Amino acid sequence: MTPRGTQPKFTQNMNIYTSNKPTRCNRPVEFTEALRLAFRNILNFKGRARRSEYWWTAVGLYLITIVVYILAMLVGAGTAGFAALTRPDSIVVGGLFATYAIVCAWGVVAWILMLALTFRRLHDTGHSGWLIGATYLLGIVGFIFLAAGAITRGESMAITAIAVLLLAAYAVLALYIFLLTLFDSDVEENKYGPSQKYAIDEAVAAEATAGDHGEQPLGETPADEPGTTEPAEE
């Protein structure tokens, strides 16, 4: 039992607690909530995004992509059927155009959404989102050198060697970014904004800690137990 007039032990390590444990009110982002946040911030490359928001959105986009492909094929089949009645010579062209138009439109939307979300996820771990830009640059330049090596039919080994090195660096950096998306949020506020997961308010953290340890929240004095009442001074 904590002696009268002294603070509970957990308050002495408050900074350690708030740096390592989320409060109970900071629950994981749910599936539908993650999708709503992602679409609402589709052009937002600033701020932070939690790990649960990122991966629930990735799962949601995968499922939506399957539905979009099915709808695109149905629309393409319908367009081809309509073309068969009006212009039989354009059956294939009309069906393919409708299918690819829907798939490409969704692909652009999904790419922009995940690009912005990945920027915010990297910010949440304390890293610059421009790591993605460096990855794209390495990949594009590497494929250009690879194409140049193919055109020269391997006559210049230096071009091929540069292409291999660039693509290897691209693969390593892409893997590094993938691993960063698996990391937990930065506990403290960083230059991209405050943590959306971990407690910043020490009073909230103290109350949660008190509940964990069966102690009274900070500022409250434990009630006297029966039979332990001190005699009044005369």
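Scroll up to find the structure this text is about.
Residues numbered from 1 in each chain as written. Predicted model: local features only at pLDDT ≥ 70, side-chain atom pairs only at ≥ 80, totals over all residues. Heavy atoms only, no water.

Focus: the overall build of the protein
Using the following cut-off: Secondary structure follows DSSP: runs of H or I at least 4 residues long count as helices, runs of E at least 2 residues long count as strands, and numbering of each begins at the N terminus. Here the term buried applies to any residue with accessible area under 20% of the maximum for its type, exposed to any over 50%, and partly exposed to those in between, with areas from a 1.4 Å probe on protein chains only. Residue contacts follow a heavy-atom distance rule, with two residues in contact if any of their heavy atoms lie within 4.5 Å.
A tally of regular secondary structure across the protein gives seven helices and zero strands. Listing every helix and strand of the protein by position from the N terminus yields α-α-α-α-α-α-α. Residues classed as buried in the protein amount to 31% of the 234 residues present. Of the contacts made within the protein by residues no fewer than 6 positions apart, 74% connect residues no fewer than 24 positions apart.

Things to note about the layout of surface pockets
Under the convention used in this document: Cavity: a set of points on a 1 Å grid over the protein atoms alone where a 1.4 Å probe fits but cannot get out. Pocket: an open set with protein on both sides within 12 Å along at least five of seven lines, its lining residues, like those of a cavity, having an atom within 4 Å of a point. Grid points are joined across faces, edges and corners, and a volume is the space filled by probe spheres set on the points. Residues are sorted three ways: Asp, Glu, Lys and Arg are charged, Ala, Val, Leu, Ile, Met, Phe, Trp, Tyr, Cys and Pro are nonpolar, and all the rest, Gly among them, are polar.
Taken as a whole, the second largest pocket spans an internal volume of roughly 320 Å³. Along the walls of the second largest pocket sit 15 residues, with Tyr54, Thr118, Ile132, Tyr136 and Ile177 positioned nearest its centre. Mapped by element, the contributors of at least two residues to the lining of the second largest pocket are helix H3 (51-86), helix H4 (91-124), helix H5 (130-151) and helix H6 (157-182). Tallying contributions element by element places H6 first for the lining of the second largest pocket, with five residues. A class-by-class count of the residues in the lining of the second largest pocket yields twelve nonpolar, three polar and no charged.

Describing the packing of aromatic side chains
To keep it simple, the criterion reads: When the centres of two rings from Phe, Tyr and Trp lie within 6.5 Å, Trp using its six-membered ring, the rings pair. Their planes under 30 degrees apart give stacked, over 60 give edge-to-face, and anything left gives tilted.
Within this structure, the stated rule accounts for six aromatic pairs. Taking 5.2 Å as the distance between ring centres and 90 degrees as the angle between the ring planes, the aromatic pair formed by Phe45 and Phe119 counts as edge-to-face. Here Phe45 is found in the loop between helix H2 (31-40) and H3, whereas its partner Phe119 is found in helix H4, with 74 residues between them in sequence. Taking the relative accessible area as the measure of exposure, Phe45 reaches 30% and is therefore partly exposed. Considering the side-chain rings of Trp55 and Phe178, the 6.0 Å spacing of their centres and the 85 degrees angle between planes classify their relative orientation as edge-to-face. In this pair, Trp55 is assigned in helix H3 and Phe178 in helix H6, connecting sequence segments 123 residues apart. The class of Phe178 is partly exposed, set by a relative accessible area of 40%. Cluster of aromatic residues (ring-pair linked, three or more members): Phe45, Phe119 and Trp130.

A word on a nonpolar patch on the surface
Let me state the cut-off plainly: Patch membership needs two things, relative accessible area over 30% and no salt bridge, and members are linked within 9 Å if like-charged or within 5 Å if nonpolar (Val, Leu, Ile, Met, Phe, Trp, Tyr). All accessible-area figures derive from a Shrake-Rupley calculation using a 1.4 Å probe, and residue coverage is judged against the displayed protein chains alone. Salt bridges are counted wherever a side-chain nitrogen of Lys or Arg sits within 4 Å of a carboxyl oxygen of Asp or Glu.
On the surface, Trp56, Val59, Tyr62, Leu63, Ile66, Val67, Tyr69, Ile70, Leu71, Met73 and Leu74 cluster together into a nonpolar patch covering about 1100 Å² of accessible area. Here Met73 shows up in helix H3. Among the residues examined, Met73 registers a relative accessible area of 52% and is labelled exposed.

A few points about the side chain of Arg120
The topology assignment puts Arg120 in helix H4. We classify Arg120 as buried; its relative accessible area is 3%.

So, the side chain of His123
As a reminder, the rule being used: Each polar contact in these results corresponds to two N or O atoms within 3.5 Å; when the atoms are within protein, one needs to be able to donate a hydrogen and the other to accept it, and residues that are neighboring in sequence are counted only if both atoms are side-chain atoms.
Tracing the sequence through the fold places His123 in helix H4. Looking at His123, the relative accessible area reads 6%, which means it is buried. Within polar-contact distance, the side chain of His123 engages the backbone oxygen of Gly47 at 2.9 Å. If we ignore the near neighbours within four places in the chain, the residues touching His123 are Phe45, Lys46, Gly47, Arg48, Ser128, Gly129, Asn190 and Tyr192.

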